[in-house]
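Chain by chain, the residues:
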Amino acid sequence: MQPATKKLSVSVILFGILAGIIGIGSGLFLGFALGAALAAAFHVSTFEGGAGYFAAAIALIVTCVVAPGLILLTLYWRGTRGLWLFVGLITVCVSLGIIAVSGFGIWYAGQPHVLNINGPTPLLEFEVKPPAGQSLQSLADVQPELDTDRNAMPGYWHTDAPQDPRVRAGYVELYFRTSQRLFVLKFPGQQDKIFRLKLPANPMREKYRAWSDWQNPDFVAKAGQQPSHPSGGNEYQIRYKMDYQDR
């Protein structure tokens, strides 16, 4: 046991945090075991998870006793006395809360976030205009695609005649919430045309239901090669708008 001290050191707090983590783990384990035994002894019904909820409640109660107790014991072992025990307990609990929130935030940031979780998948309607002097036939074998940091989605051409005979129209699903979206026109045996979509992570607002301005490709690339900026000014252009049902 360490000699008594009148202040909290970083090492004491770190030992307390470690004790808290161990206390939470052991408290949950012992609590669930105790809860399961009590549920069986008192014949708690398993209907709609009743026994499970009972065991979880017992586990939380046991954890709320074991974890603070182990933290206080550790602080006392490291020489903390009197009022500093209470201050140390609060400091360790706040630190554990910050660690838990930070860990959840990192986990949540790494999850794929569905754009319209309570409704149909929103569509991005697009129109492609060939360069001057080329007909729509140059788009006959072109495959549109949407690439994001979350997924890649194939695009589909509309089979009905567009209102403007100079363009070819289609659509692609926008499934995930992300601001990193690249629209790609895949030309067989030629350079692909890559457009960086000027949309926010969540484009489900009224302003994005209107057609965007016509946009030139930001990059061109052949399959397996590094993208580069297009050199010519006479290029394929696209414009796009959102199509979705209100929630």
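Things to note about the packing of helix H1 (residues 10-41) against helix H2 (residues 50-77)
A packed helix pair is summarised by two numbers, namely the angle formed by the two axes and the spacing between the axes. At a minimum axis distance of 6 Å, the contact between H1 and H2 shows a crossing angle of 150°. As the angle between them shows, H1 and H2 are arranged roughly antiparallel. Seen from above, H1 lies across H2 with right-handed handedness. Of the residues belonging to the contact of H1 with H2, the class tally is 24 nonpolar, 9 polar and no charged.

Re the packing of H1 against helix H3 (residues 83-109)
Packing of H1 against H3 leaves a shortest axis separation of 9 Å and a crossing angle of 65°. The orientation of H1 with respect to H3, classified from their angle, is roughly perpendicular. Handedness of the crossing formed by H1 with H3: right-handed. Contacts between H1 and H3 involve Ile 13, Gly 16, Ile 17, Gly 20, Ile 21 and Ile 24 from the former and Thr 91, Val 92, Ser 95, Leu 96 and Ile 99 from the latter. Classifying every residue of the contact of H1 with H3 gives 7 nonpolar, 4 polar and no charged.

Comments concerning unusual backbone geometry
You will see that His 43, though not glycine, has its phi angle at about 55°, which is positive. If you trace the backbone, His 43 turns up in the loop between H1 and H2.

Comments concerning H3
Because each turn of an α-helix spans 3.6 residues, side chains separated by three or four positions in sequence point in the same direction. Over its 27 residues, H3 runs 39 Å from end to end, which matches the ideal 39 Å to within 8%, given 1.5 Å per residue. Within H3 the residues assigned to the buried category are Leu 85, Gly 88, Leu 89, Val 92, Ser 95 and Leu 96.

Some remarks on the pairing of strand S5 (residues 168-173)
Regular strands place side chains that alternate from one sheet face to the opposite one. Note that strand S1 (residues 123-129) and S5 share 6 bridges and pair antiparallel. Its bridge partner being in S5, Phe 126 is matched across the sheet by Gly 170.

A short note on the sheet that holds strand S6 (residues 181-186)
On the basis of which strands lie adjacent, the open sheet formed by 5 strands has the order S3-S2-S6-S7-S8 and antiparallel pairing. Looking along the sheet, the strands with just one partner apiece sit at the ends: strand S3 (152-154) and strand S8 (219-221). In this sheet, adjacent strand axes meet at a mean angle of 25° when their direction is disregarded. Inspection of the sheet shows strand S2 (residues 143-148) paired to S3 by 3 bridges, in the antiparallel sense.

Structural notes on the sheet that holds strand S9 (residues 237-243)
In space, the 4 strands of this open sheet follow the order S4-S5-S1-S9, with antiparallel pairing throughout. The open sheet is flanked by strand S4 (156-157) and S9, the only strands paired with a single partner.

Re the environment of Lys 241
Mapped onto the fold, Lys 241 is located in strand S9. Judged by its relative accessible area of 25%, Lys 241 falls in the partly exposed class. On a C-alpha basis, the gap between Lys 241 and Asp 213 in space is 9.8 Å, while along the polypeptide they are 28 residues apart. Discounting chain neighbours no more than four positions away, the residues touching Lys 241 are Leu 123, Leu 124, Glu 125, Tyr 208, Arg 209, Ala 210 and Trp 211.

Conventions we followed
Each chain carries its own residue numbering, running from 1 in the written order of its sequence. At least 70 in pLDDT is required for a residue's local features to be given in this predicted model, at least 80 for side-chain atom pairs to be given and counted, and no such filter applies to totals for whole chains, interfaces and linings, which use all residues. Heavy atoms from the whole structure form the basis of all side-chain values; hydrogens and water molecules are not counted. Every axis in this analysis is a line fitted to C-alpha atoms, fitted for helices over the stretch in contact. Angles between the N-to-C directions lie between 0 and 180 degrees. A run of DSSP states H or I qualifies as a helix once it reaches four residues; a run of E qualifies as a strand once it reaches two. Both are numbered from the N-terminal end. Here the word oblique covers every angle except those under 35 degrees (roughly parallel), over 145 (roughly antiparallel) and from 65 to 115 (roughly perpendicular). By convention, the crossing between two helices is left-handed when the near helix turns anticlockwise from the far helix through less than a right angle, and right-handed when the turn is clockwise. Classification used: nonpolar for Ala, Val, Leu, Ile, Met, Phe, Trp, Tyr, Cys and Pro, charged for Asp, Glu, Lys and Arg, polar for all others including Gly. Pairs of residues are marked as contacts when any of their non-hydrogen atoms sit within 4.5 Å. Every helix has an expected span of 1.5 Å times one less than the residues it contains. Each residue is placed in one exposure class: buried if its accessible area under a 1.4 Å probe, protein chains only, is under 20% of its type's maximum, exposed if it is over 50%, and partly exposed if it falls in between. Pairing between two strands is assigned when DSSP locates at least 2 bridges connecting them.

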